[in-house]
Amino acid sequence: LSSKIESAVQSLKGQARITDVNIAETVREIRRALLDADVNLEVARRFTDEVKERVMGSDVLNSVNPGQQFTKIVYDEMVKILGEERSDIAVAHQPPTVILIAGLQGSGKTTFSAKLARYLKQENNRNPILAAADVYRPAAIDQLKTLAGEIDVPVYSIEQKDAVRVAKEAVSMAKSLALDTVIIDTAGRLHVDEKMMDEVAEIKSSVEPDEILFIVDAMTGQDAVNTAKAFNETIDFDGVVLTKMDGDTRGGAALSIRSVVEKPIKFMSTGEKLDALSPFYPDRLAQRILGMGDVVSLVEKAQQEYDEKQAKKLQEKITSDKFDLVDFYDQIQKIKKMGDISDLVGMIPGAGKAVEDADLSEDTFKPIEAIINSMTPEERHNPEILNGTRRRRIAKGSGTSVREINQLIKQFDQMKKMMKSMSKMGKMGQAMQGLK
Ligand code: GDP
Ligand code: MG
């Protein structure tokens, strides 16, 4: 998926403008890529329509780097659908908190139950008990006991094949032992069937869980949506757990489930080991689905630091030749805020080479700042008055040398020239001016 979206968007890169025609093409490509990644057809359609609308209504058409802007819109839209905020699991006012784990066989319920117990114990200082409500296979109970043993968490189980009873008794047991959390691991089947649904519904009504989590194998693709729907209709779960995210799946299922059942994704399981669990971060999954983390963070950085008014003022100064060392100093502060300067070079069409040649780093700026700080306001505004005497005085004051000052003035002059030649670029380019 990622490479397809990248190549879809790639076709926009380097183009000065996006036209209606290539927006339509790109959107179609993205939709196809989502379908290939097993995103539900309806979801993919809705998603791309939304993206298209936003692209049309935005500045992308005029931006310097339409490809990156486009990518950012795709990404933002995806984060929005995946759920902008991360949501925690419920805690009962009156302990114990009862958490019901449901899902198909093999989805990772038993593993997740133990992972969750570990997580709550370590991160939240809770005292959980696990209930072995997958009563049909002795091996299932043993599996839960083995995992629980690794993390020193008790398991409640009985001989009888009565899942509802196990669940209820585990809750009573928690109360009598003053344990604050009960995690009920249930039986699943390979496919949605009535018996399984009836049982989990019965457990739900008998213990009234505070939190019901639906566990789904992220690799199941298109099927995941139907399974999620069926479970949601029966037990109205509170959240989704995506398992096996350590595989090479990109998580297309998550996008479908999230938009079809509209329940938050709460955890991601990323391996067989008990610590392979992480809270769900929609931005990370969106980046994974799109495979474009770097692009996004760069665009975001630039946007954060971008101040339209300032850029405009700067622009005026450049064109009217009023750019001075005070502005130069301000630009340096701006650049420093943007972080790794070399990362940003690629964002300036045409200017990349010039900036690279200047070999910039944070330290580069230290003597420059010291020199400018040692100047009088008059000197900063009119660097041409910097004669030999003044330069010697400034060198002394800033702990630098006359040679460094000469060099700075030379660079400053070069930069002014470069900026003038760049000034025909778009907004982003203007914001980025002063990089040298
Ligand atoms: P259940 O039938 O729903 O209880 O599923 P299990 O918890 O027994 O898991 C089924 C299989 O998937 C087991 O072999 C687990 O070790 C494995 N498994 C569970 N979660 C993950 C995961 O996040 N990543 C990987 N790679 N394997 C997992
Ligand atoms: Mg199991």
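Quick caveat: nothing in here was measured; it's all calculated off a predicted structure.

(A) Inspection of the overall build of the protein at higher detail. In terms of regular secondary structure, the protein is built from 21 helices and 8 strands. Residue pairs at least 24 apart in sequence account for 76% of intrachain contacts in the protein once pairs closer than 6 positions are excluded.

(B) Representation of the site of ligand 1 within the structure. Looking at ligand 1, there are 17 residues lining it, with Gly108, Lys109, Thr110, Thr111 and Ser269 nearest. At 3 residues, the largest contribution of residues to the shell around ligand 1 is made by helix H5 (residues 109-124). For the shell around ligand 1, a count of residues per class yields 1 nonpolar, 12 polar and 4 charged.

(C) View of the sheet that holds strand E2 (residues 128-133). With respect to topology, 8 strands assemble into an open sheet ordered E3-E2-E4-E1-E5-E6-E7-E8, the strand pairing being mixed. Strands with a single pairing partner mark the edges of an open sheet, and in this sheet they are strand E3 (155-156) and strand E8 (277-279). The sheet contact formed by strand E1 (residues 97-103) and strand E5 (residues 211-217) spans 5 bridges and is parallel. Bridged to Ile99 within E5 is Glu211. Across the sheet, helix H7 (residues 163-177) touches E1, E2, E3 and strand E4 (181-186), and the angle it forms with E2 is around 165°. The strands touched by helix H8 (residues 194-207) are E1, E2, E4 and E5; relative to E1, the strand with the most contacts, the crossing angle is about 175°.

(D) Fine view of helix H9 (residues 223-235). The terminal C-alpha atoms of H9 lie 18 Å apart, and with 13 residues this matches the ideal 18 Å at 1.5 Å per residue to within 8%. Buried within H9 we find Ala224, Val225, Thr227, Ala228 and Phe231. Relative to the axis of H9, the buried residues are bounded by an arc of 165° and lie together on one face. Packed against the buried residues of H9 are E1, E5 and helix H10 (252-261).

(E) Quick peek at H5. For H5, spanning 16 residues, the distance from its first C-alpha to its last is 21 Å, which sits close to the expected 22 Å at 1.5 Å a residue. Burial of H5 is extensive: 12 of the 16 residues sit out of reach of the surface. Where H5 is concerned, the buried positions are Lys109, Thr110, Thr111, Phe112, Ser113, Ala114, Lys115, Leu116, Ala117, Arg118, Tyr119 and Leu120. At the exit of H5 stands Asn125, carrying a positive phi of roughly 60°.

(F) A look at the nonpolar core. In terms of nonpolar packing, the biggest core is built from 84 residues, with Leu130, Ala131, Ala167, Ala170, Val182, Ile184 and Val216 touching the most fellow members. Those residues in contact with Ala167 that sit more than four places away from it in its chain are Ala131, Ala133, Ile184, Ile203, Ser206 and Val207. If you look at the next biggest cluster of nonpolar residues, it comprises 9 residues, including Leu325, Ile371, Ile372 and Leu408.

Conventions adopted
Residues numbered from 1 in each chain as written. Chains lettered and ligands numbered in written order. Predicted model: local features only at pLDDT ≥ 70, side-chain atom pairs only at ≥ 80, totals over all residues. Helix = DSSP H or I, 4+ residues; strand = E, 2+ residues; numbered from the N terminus. Contact = placed C-beta atoms within 7 Å. Near = placed C-beta within 6 Å. Nonpolar A, V, L, I, M, F, W, Y, C, P; charged D, E, K, R; others polar. Pairing = 2+ DSSP bridges. Axes fitted to C-alpha atoms, helices over the stretch in contact; angles between N-to-C directions. Expected span 1.5 Å × (residues − 1). Buried ≥ 20, exposed ≤ 12 C-beta atoms within 10 Å, placed from the backbone. Arc of directions from axis to C-beta. Core = buried A, V, L, I, M, F, W, Y, C linked by C-beta atoms within 7 Å.

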